[in-house]
Amino acid sequence: MHDGSGRIVVQGLTKQFGPVTAVQNLSFTVEPGSVTGFLGPNGAGKTTTLRMLLGLVTPTAGSSFINGRPFHQLGNPARVVGAVLEAQGFHPKRTARNHLRVYAAAIGVPDQAADHVLDLVGLGAAAGRKAGGFSLGMKQRLALATALLGDPQVLVLDEPANGLDPEGIAWLRTFLQSYARAGRTVLISSHLLAEIEQTVDQVVIVSRGQTMYYGSLDQLRGSQRSRVLVQPSDAGALVAALQAEGVTGIEQVPDGRLAVSGMDAKQVADAALKAGVSVYGIQEERVDLEQLFFQLTNGQYTAAGPNPFAGPQGQIPQGPPGPQQSGYYAAPTPSGQFPQQGYPPQQYQQPQFPPPDYQQQQYQQQFQQPPQDNQQQQPPPGYQQPGQGGYGGGN
Ligand SMILES: Nc1ncnc2c1ncn2[C@@H]1O[C@H](COP(=O)(O)OP(=O)(O)OP(=O)(O)O)[C@@H](O)[C@H]1O
């Protein structure tokens, strides 16, 4: 049926809506065990790409695969991919638990899964409350719970941080990282770098339907020349000392400090010490990632010509790199590397994957009959299973 890899491969995807090229020859791979951010400004083609991946929109050209198969060949797709393309579509009068039971029935998992996923997303206490009274953040969690019902190997979430407060974003970060660390695959889109910067292991940055950067944020930072700003007691003497060491990138910045390229702060300080120059202040200039993102997506580099953010071979990847082109891949970030300073203490239980009490087999065995307490077995208005019709059409 499928290769069970959990890998997402997008290969030369293109979508033309009449005169509008929403997505143009887009390629990237998402490996299991990592969180990949799909970043781009409004209208960049993110949602269209995700819809194509989920079989909701037919590509004009190119193809996409999950577990080595196009979406429509996955068999029971909800067991493979959990997707949230919008956090709406809840029946306002239906409780969170009943909402989930309807979906559980639709994809063939038992009622108990509803409470289980509510606990996973921190909504256990709100299980009996009507979704119509939920805040935007709670709706996001409920949408995520819906996607988790099939215990999928792959999660695809469109703008999951939209409307979440800082605590919610911190919670989501921990949740998605836990999910990925359990060997699963997570692809999330966003138009705000800051929103997902600390969550993702790698990013695919798109602008006007095209890939502008594909790799880790560290690589993106590293692609920029960093400088050391130093305030010496004797600028002339330090310049001479640095030049004697072969450093050529030295400038004086307007506040009087020297900006030194090609050395780190320790090397500059050592050179100053050796030359008998006192250092009154020294700092490494931080690359402004937001500014880079803005430059990448502002059309500045969309013209023909060298892209300063291209991959290690100096080219924007045009085909799925695959594991062999490891230069485009960030090693999975070790857990615990995502500080949550500045956020209030967690009020939600953090998830564990695999959940200690979760047994897929048990669900399958127990759920022989449709749930008895659900009057309505049809998904509520607004909901469409991935692959069962478009979110707004566009085919
Ligand atoms: N069904 C459609 N018919 C015509 N044009 C469409 C359709 N869907 C998307 N587009 C166009 O394709 C382009 C990409 O849209 P898309 O929604 O994929 O971008 P996005 O990156 O998800 O944006 P946002 O962050 O605002 O959701 C836009 O110019 C949009 O107007």
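Below is a summary of the structure that appears in this document.

The rules behind these values
- Residues numbered from 1 in each chain as written.
- Predicted model: local features only at pLDDT ≥ 70, side-chain atom pairs only at ≥ 80, totals over all residues.
- Axes fitted to C-alpha atoms, helices over the stretch in contact; angles between N-to-C directions.
- Helix = DSSP H or I, 4+ residues; strand = E, 2+ residues; numbered from the N terminus.
- Parallel < 35°, antiparallel > 145°, perpendicular 65-115°, else oblique.
- Left-handed = near helix turned anticlockwise from the far one by under 90°.
- Contact = placed C-beta atoms within 7 Å.
- Nonpolar A, V, L, I, M, F, W, Y, C, P; charged D, E, K, R; others polar.
- Buried ≥ 20, exposed ≤ 12 C-beta atoms within 10 Å, placed from the backbone.
- Pairing = 2+ DSSP bridges.
- Core = buried A, V, L, I, M, F, W, Y, C linked by C-beta atoms within 7 Å.

Look at helix α2 (residues 96–107) against helix α4 (residues 136–148): their axes get within 10 Å of each other, and the N-to-C directions meet at 30°. Comparing the axis directions of α2 and α4 gives the class roughly parallel. Relative to α4, the crossing made by α2 is right-handed. Contact residues: α2 offers Ala96, His99, Leu100 and Tyr103, while α4 offers Leu142, Ala145 and Thr146. When grouped by side-chain class, the residues that make up the contact of α2 with α4 number 5 nonpolar, 2 polar and no charged.

Of all 6 residues in strand β9 (residues 210–215), 5 are buried; the element is thus mostly enclosed. With 5 bridges joining them, strand β8 (residues 202–207) and β9 adopt antiparallel strand pairing. If you follow valine 206 over to β9, its bridge partner there is threonine 211.

On to the nonpolar core, then. In terms of nonpolar packing, the biggest core is built from 84 residues, with Leu100, Val117, Ala145, Val156 and Ile205 touching the most fellow members. Counting residues per element, this core draws most heavily on helix α5 (residues 166–181), at 8 residues. Leave out the neighbours within four places in its chain, and valine 117 touches Leu100, Ala145, Leu148 and Leu149. Counting residues in each nonpolar core, the second largest holds 13 residues, with Ile250, Leu258, Ala271 and Val277 among its members.

On to the packing of helix α8 (residues 235–244) against helix α9 (residues 265–274), then. Remark: α8 packs on α9, axes separated minimally by 9 Å, with the N-to-C direction vectors making an angle of 110°. One finds that α8 runs roughly perpendicular with respect to α9. Taken as a pair, α8 and α9 cross one another with a handedness that is right-handed. Touching Leu238, Ala241 and Leu242 of α8 are Ala271, Ala272 and Lys274, all from α9. Taken together, the residues that form the contact of α8 with α9 break down as 5 nonpolar, no polar and 1 charged.

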